[in-house]
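Below are the chains, spelled out letter by letter.
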Amino acid sequence: MATRSFFVPFLLFALCFYSSLTPVLSLYEDQVGLMDWHQQYIGKVKQAVFSTQKTGRRRVIVSTEENVIASLDLRHGEIFWRHLLGSDDVIDGIDIGLGKYVITLSSGGSVLRSWNIPDGQMVWESFLQGPKHSKSLLLVPTNLKIEKDNVIVVFSNGRLHAVSCIDGEVLWNKDFEAESFEAQQVIQPPGSDLIYVVGFAASSQFEMYQINARNGELLKHERATFSSGFLRVVSLVSSETVVALDSTGSILLTISFQNGEISFQQTPISNLVEDPSGPAVILPSSVPGIFAIKTNAFTIFIRVIDEGKLEVVEKTNHETTVSNALPISEGQQAFALVQHAGSEIHLAVKIAHDWDGNLLEESIKMDQQRGLVHKVFINNYIRTDKSHGFRVLIVMEDHSLLLLQQGAIVWSREDGLASIIDVTASELPVERDGVSVAKVEHNLFEWLKGHMLKLKGTLMLASPEDVAAIQSMRLKSSEKSKLTRDHNGFRKLLVVLTRAGKLFALHTGDGRIVWSHFLQSLHKSGTCQSPIGLNLYLWQVPHHHAMDENPSVLVISRCGPSSDAPAVLSFVDTYTGKELNSLSLVHGVVQVIPLPYTDSTEQRLHLLIDSDKHAHLYPTTSEALRIFKREFSNIYWYSVEDHNGIIKGHALKCKCTGEVADEFCFDTRDLWSVVFPSESEKIIATVTRKLNEVVHTQAKVVADQDVMYKYISRNLLFVATVAPKGSGEIGSVTPEESWLVAYLIDTVTGRILHRVTHHGAQGPVHAVFSENWVVYHYFNLRAHRYEMSVIEIYDQSRADNKDVWKLVLGKHNLTSPISLFSRPEVITKSQSYFFTHSVKAIAVTSTAKGITSKQLLIGTIGDQVLALDKRFLDPRRSVNPTQAEKEEGIIPLTDSLPIIPQSYVTHALRVEGLRGIVTVPAKLESTTLVFAHGVDLFFTQLAPSKTYDSLTEDFSYALLLLTIVALVAAIFVTWRLSERKELQDKWR
Amino acid sequence: MKSVKVIVSFVFTLSLLSFPSSGFQSDELLVDDEEFGLEGSPQPRSPEPIPTRSPPVTAPTRKRHSDLDSDSKIQFSLEHAFGDSDFSPAGTFSARLKTWSHGGQTLTKLRFSRNSFTDEDKEKFKNLLENDDFYRIRIPSNVLSPPGRDFVISSVKARCLPREGLDEHFVIHMEGVNVLAVNYGSPGSCPYPRNLKLPAKWSFSSHTVLKNSEQAPRAPVFSEEILGGENAEGEVVQPPERSFWAKYWMYLIPLGLIVMNAITQAMNMPEEQASGQGQPSAGAVQRGPSSAARRR
């Protein structure tokens, strides 16, 4: 009896304990940051301005190529505030007005905004129209006033505007109607009421307009012709002198327009330098009295002496970058000059009129992985000894931003990560002696202490300090940031390629950069002036028996934007970030096809298609060639020519019949083509299944014990076309003239398996293809709402295999090989639902074995990621599902898809400028890793069917241990008790 | 049998345009050319479809004014290639072009006449079979002004075609008068290890299907849904329209048992009364000891 009374509370307790383990769909507040991380970036800095007023001194305002305006902390590089303008709202210029507002000019000079520096609130916005498109120039004069209003001068769209700095009101404007006039500079000589607009007209005319700054009245208009034309870049050397180059790039022209009179002074470059070696270009700068020109070999600094005479002050063959001038005291202007010398950069701050005397000279060791210095911005401060101190902000070739002060890098920001092109995931090394990089193992005491704390938390005995300790312990969980492979496969490396051509490896545990590598092939060099990175592919994934080998990735890049520019392949080790090899190809690359074959070293075979429709096999080994020859006739691919609406299927034909014998080059031939009528259809989206997707089961058991067989083919292509009229913005056409056609095309035979027209629908179309279904998102013009449709495709040729006896006796056709040349017998089911949001990206979760149910990950317009169960997009949903269907999990039909606030996987965060969502399966079947990238990065783990195969992170092993110990103790105690009682009974 | 076929096909080729396809409503047509009967005839015939194609092109424009839902005949040619050879004429599709009152034009009643293989073709085809190579076909992407923007091409492994004769299956995807794609292959399956099999007869049995786009199902609009939702829910409760017995069996069975019990007791009562007080009933006998036990 005593035993039972002891046990019952314990059992109850244990039950309560276990029931509390059932995981929930959404996060609790204290779980934020446990498995997810979020990083904020701004992109490559285009322009930086420093605020000089008291509180603003600690800040720098930057505009970036990702259209971000941000205020950064000068001491630490953190973001105070940040605004992402739309992708069509490119920032042309920023400046500071009245010391407390940031003025931005964007959208090709048509939007002028003012932002409050302390908090980033927008103060005003005004729209500037003009007669024609032109270069846009922003000028915020320091002391130009019209009736106590500070004035902003904007030249945009062929019109000069004077805008009030207080409220954005346009005070006056002046049109420049001259057809070909192109303004180059707007100059406001300090202390005068004049504005000069200088520029070029036609090909060889220099024009100068003198305008009254008070009312926009044209005071003077002068023009002068120079017979051999100009290169249309000028460098401003004083408020009344500019320097330009003639069209051949060999003669320097000093153009002075003092008192409204234009005068030219020609100086051939060869007079200044003995060996100019080719045409020169002017480096844009605005240092008074000095300008720089760049030839192929040299950068030459030239001083303008009186009356347009030129004098070379320095000639250097190092990569050099100059900042704009910074007024430091009365009449003195300083500028910064950064030169590369080996692994160091030399920073010099000079006074504009005194080249030889340096205010500051520093050498800073610079990481080679950052490339060249692209931009320099200078800022001054008062040192403790009241002298002038300078700090410079530099933008590197890899888009990173660094602050240099007192000969050291104070902080750096890896803003290249704001422009990710491609992502792939790689495993970490297996834990072995000497491999584990992070020393993170605790001793037993710490482990126990941690678990005791957790136990206290579970039993609600923890004091607030304990709770804080638990939280910080969970967040810093050292387990998740180890540099070795874990049992569940949660720890991986995300290898990302950025637009700058730099590879980063991010740790999935905490998002830190494990290594970064600036690809040699993506450095700007003499042979390759504008290299661009294209794609990342897993090149070599060692077999799990060969653990001592390192995996590697293949980076494909090419020199220049056109598809026939020669391609470069680089192979990078994913453990160390070392570039193993680099191949410069003679051919271009249009398409890369990773083949499903690997050689004996687990290198994946890749087929590169060039612009002449030749296929090239890589790696170029005889073994690869042998494997390839075996599968020669089974290789098919397709190409989409979306400009003329043709999709073509291809196969290999024979060896290349070129003049150079290349046994890895093959001719191809067209097998099929689909020609969309150009007057009624235009391709706007094509989607295929992910190559590495795993499908667990071919069959789907539907209600009433029936079986449907999924049509699972790797060669399915989803194509969406819209009416050419309707390819513009939403609402630009009436529903009658707009339609959307969705196709499922077999890419081996070119068969159209399914074709369906949505009348009154319009793009943009975002789609995702997985298993046997495709989900696509578009706009329904009739319903004025976004819609999502699902198509599921089922194989009817296997539908007879329902009989158990057939399966037992082997009279089924489930194991026979499938040939796509057979006539397919498929049926499709589809359904459409309304969806509230517009969509930026759409992806689907993927798990290791494909057993776990799927969720769609939808990047919404609010830059969040929404997880939507695929069951909501089931075409078999009906208004009144039968009992059997309900048991199967079919949700009653509704007209729109629900948006449950708890199902935002980004919870309260925003992934600004969201561009892509990548899912990577973990080793644990229930879990998938999600990486969303845009200007920001976000990573989390998801368990679409909850973590049914593991205990949760915060499972208290100590409590379990304690329970077991207590139970064992109780058993012993009660055993002793009952023995004693029995003894007493016997004595009675 | 063979001679009949010859006559049929001959008559057909001669009067391809003169006979409107009245009786034959199916969209598939089998034209079996006999192997030897028309030897040499494909040569004069094969260029024929090309010149005859042009008059129907202008025909619809002439007729459209007179009759709104007018029909006109139209022809377009099928071309084939063996492996990577050039395309050569292989047959003719003929169809009726229906012009709808709203301006759209569609093809109906598609018929197909296949030219038979010449000896040269047969040899080439045999080569394809041996090499497991592709047999390719193409048709113009616009039937009114061939070839339109481009030809639509389709191909199949030659080994998929031979059965008894040569079986082929065309699915032509149309959008108005434009051909989006043609899917070509064998009408049945083509199991993967493709075995070399020469056709017994060098004659094609062709199946053609015209396909137009389907309309997508509209998104379900529950316009009066807010109040309809409750209705629907009410219906959800109602439909389990089970029988009275199915619903209430759990009450009925105990009720039945009670009734039975009551009846047996009622049956017993008269018996007791009938049998008289002197002789105690079996129940009373049984009850006796228990009551006695309770008393004790």
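The written sequence of each chain sets the order in which its residues are numbered from 1. Here every chain gets a letter starting at A, and every ligand a number starting at 1, in the order they are written. For a predicted model such as this one, the threshold for reporting local features is a pLDDT of at least 70, and the threshold for listing and counting side-chain atom pairs is 80 or more; totals across whole chains, interfaces and linings nevertheless cover every residue. To get the side-chain values, take all heavy atoms of the structure and skip hydrogens and water.

> Where do I start with the interface of chain A and chain B in this structure?
When the parts of a complex come together, some accessible area is lost, and that lost area is often used as the size of the interface. Here a residue-residue contact requires only that any non-hydrogen atoms of the pair lie within 4.5 Å. Between chain A and chain B, the contact holds 50 residues from the first and 51 residues from the second. Two parts placed together each lose some accessible area under a 1.4 Å probe, and the buried area is that loss summed for both. When the buried area of chain A at its contact with chain B is split by residue, A:Arg755, A:Phe821 and A:Arg823 rank highest and sum to 19% of it. Definition used for salt bridges: Asp or Glu carboxyl oxygen within 4 Å of a side-chain nitrogen of Lys or Arg. Across the contact surface, chain A and chain B share three salt bridges. We note a salt bridge from B:Asp84 to A:Arg669, for which the minimum N-O separation is 2.9 Å. Under the rule applied, a polar contact is a pair of N or O atoms within 3.5 Å (in protein, one hydrogen donor and one hydrogen acceptor; residues adjacent in sequence only if both atoms are side-chain atoms). Along the contact surface separating chain A from chain B lie 21 residue pairs in polar contact (both at pLDDT 80 or more). In this structure, strand S55 (residues 752-759) of chain A lies alongside strand S9 (residues 214-215) of chain B, joined through two bridges in parallel fashion. Directly across from A:Thr757, in S9(B), lies its bridge partner B:Gln215. The pairing criterion is simple: DSSP has to find at least two bridges between the two strands. Secondary structure elements follow DSSP: runs of H or I of four or more residues count as helices, runs of E of two or more count as strands, with numbering from the N terminus.

> Quick question: what am I supposed to make of a nonpolar patch on the surface here?
Residues and elements named next belong to chain B. Patch construction takes residues with relative accessible area above 30% that form no salt bridge. Like charges are linked within 9 Å, and nonpolar side chains (Val, Leu, Ile, Met, Phe, Trp, Tyr) are linked within 5 Å. Per-residue and other accessible areas were derived by the Shrake-Rupley procedure at a 1.4 Å probe size, with only the shown protein chains allowed to occlude residues. There is a patch of nonpolar side chains on the surface, built from Phe 244, Trp 245, Tyr 248, Trp 249, Met 250, Tyr 251, Ile 253 and Leu 257 and spanning about 910 Å² of accessible area. One can find Leu 257 in helix H6 (residues 244-275). Residue classification places Leu 257 among the exposed positions, given a relative accessible area of 55%. Burial here depends on accessible area, computed with a 1.4 Å probe over protein chains only, as a share of the maximum for the residue type. Under 20% is buried, over 50% is exposed, and the range in between is partly exposed.

> Hey, could you run me through the pattern of salt bridges in this one?
Opposite charge on two side chains makes pairing possible when the charged atoms of those side chains draw close. If you walk through the whole model with that rule in mind, you get 39 salt bridges over all chains. The closest approach of N and O atoms between A:Glu641 and A:Lys648, which form a salt bridge, is 3.8 Å. Residue A:Lys648 is classed as buried on the basis of its relative accessible area of 12%. For B:Glu120, the salt bridge goes to B:Lys124, with nearest N and O atoms at 3.9 Å. Pair noted here: B:Glu120 and B:Lys124 are both in helix H4 (residues 119-131), with a separation of four residues, about one helical turn.

> Where do I start with the nonpolar core in this structure?
Considering soluble globular proteins, one finds that nonpolar side chains tend to be buried as a cluster. Within this scheme, the nonpolar core is defined by two criteria: the residues are buried Ala, Val, Leu, Ile, Met, Phe, Trp, Tyr or Cys, and they are joined through side-chain atoms within 4.5 Å. Among the nonpolar cores identified, the biggest contains 81 residues, and A:Ile647, A:Phe718, A:Tyr776, B:Phe125 and B:Tyr135 are the most heavily contacted of them. Excluding residues within four positions of it along the chain, A:Tyr776 makes contact with A:Phe718, A:Leu740, A:Ala742, A:Val756, A:His758, A:Val765, A:His766, A:Ala767, A:Glu787, A:Met788, A:Ser789 and A:Ile791. Residues A:Val68, A:Leu403, A:Val423 and A:Val935 belong to the second largest nonpolar core, which totals 36 residues.

> What exactly am I supposed to notice about the confidence of the model for chain A here?
Close inspection of predicted coordinates is inappropriate for parts of the model with low pLDDT. All names here are of chain A. Confidence along chain A averages 84 in pLDDT terms, with 93% of residues attaining 70 or more. Confidence of the predictor at the level of single residues is captured by pLDDT, which takes values from 0 to 100. Here helix H1 (residues 2-19) stands out as the element of chain A with the lowest mean pLDDT, 42, in contrast to strand S64 (residues 928-933), whose mean of 94 is the highest. For residues 1-24, every residue scores under 50 in pLDDT, and the model assigns this stretch 20 contacts once sequence neighbours within four places are set aside. In this model, residues 434-441 is a region of pLDDT below 50 whose contacts with residues beyond four sequence positions or in other chains number 10 contacts.

> For this particular structure, what's the right way to read the side chain of B:Asn178?
Here B:Asn178 shows up in strand S7 (residues 178-185). For B:Asn178, a relative accessible area of 9% translates into the label buried. A polar contact is formed between the side chain of B:Asn178 and the side chain of A:Glu679, at a distance of 2.9 Å.

> Help me out: how do you make sense of the packing of aromatic side chains in this one?
Given two aromatic rings, one states the distance between the centres and the angle between the planes to describe the pair. Each aromatic pair joins two rings of Phe, Tyr and Trp (for Trp, the six-membered one) with centres within 6.5 Å, and gets the label stacked for planes under 30 degrees apart, edge-to-face for over 60, and tilted for any other angle. In the structure shown here, the tally under the stated rule is 41 aromatic pairs over all chains. Between A:Phe779 and A:Tyr786, the ring centres sit 4.9 Å apart and the planes meet at 80 degrees, which makes this aromatic pair edge-to-face. Of the two residues, A:Phe779 and A:Tyr786, neither departs from the other in class, the shared state being buried. Here the aromatic cluster, defined as three or more aromatic residues joined through ring pairs, consists of B:Phe76, B:Phe82, B:Phe93, B:Phe112, B:Phe117, B:Phe125, B:Tyr135, B:Phe170, B:Tyr184, B:Trp202 and B:Phe204. Note on geometry: a ring has a charge over it if NZ (lysine) or CZ (arginine) is within 6 Å of the ring centre and within 35 degrees of the ring normal. Above the ring of B:Trp100, the side-chain terminus of B:Lys98 is found at 5.3 Å from the ring centroid.

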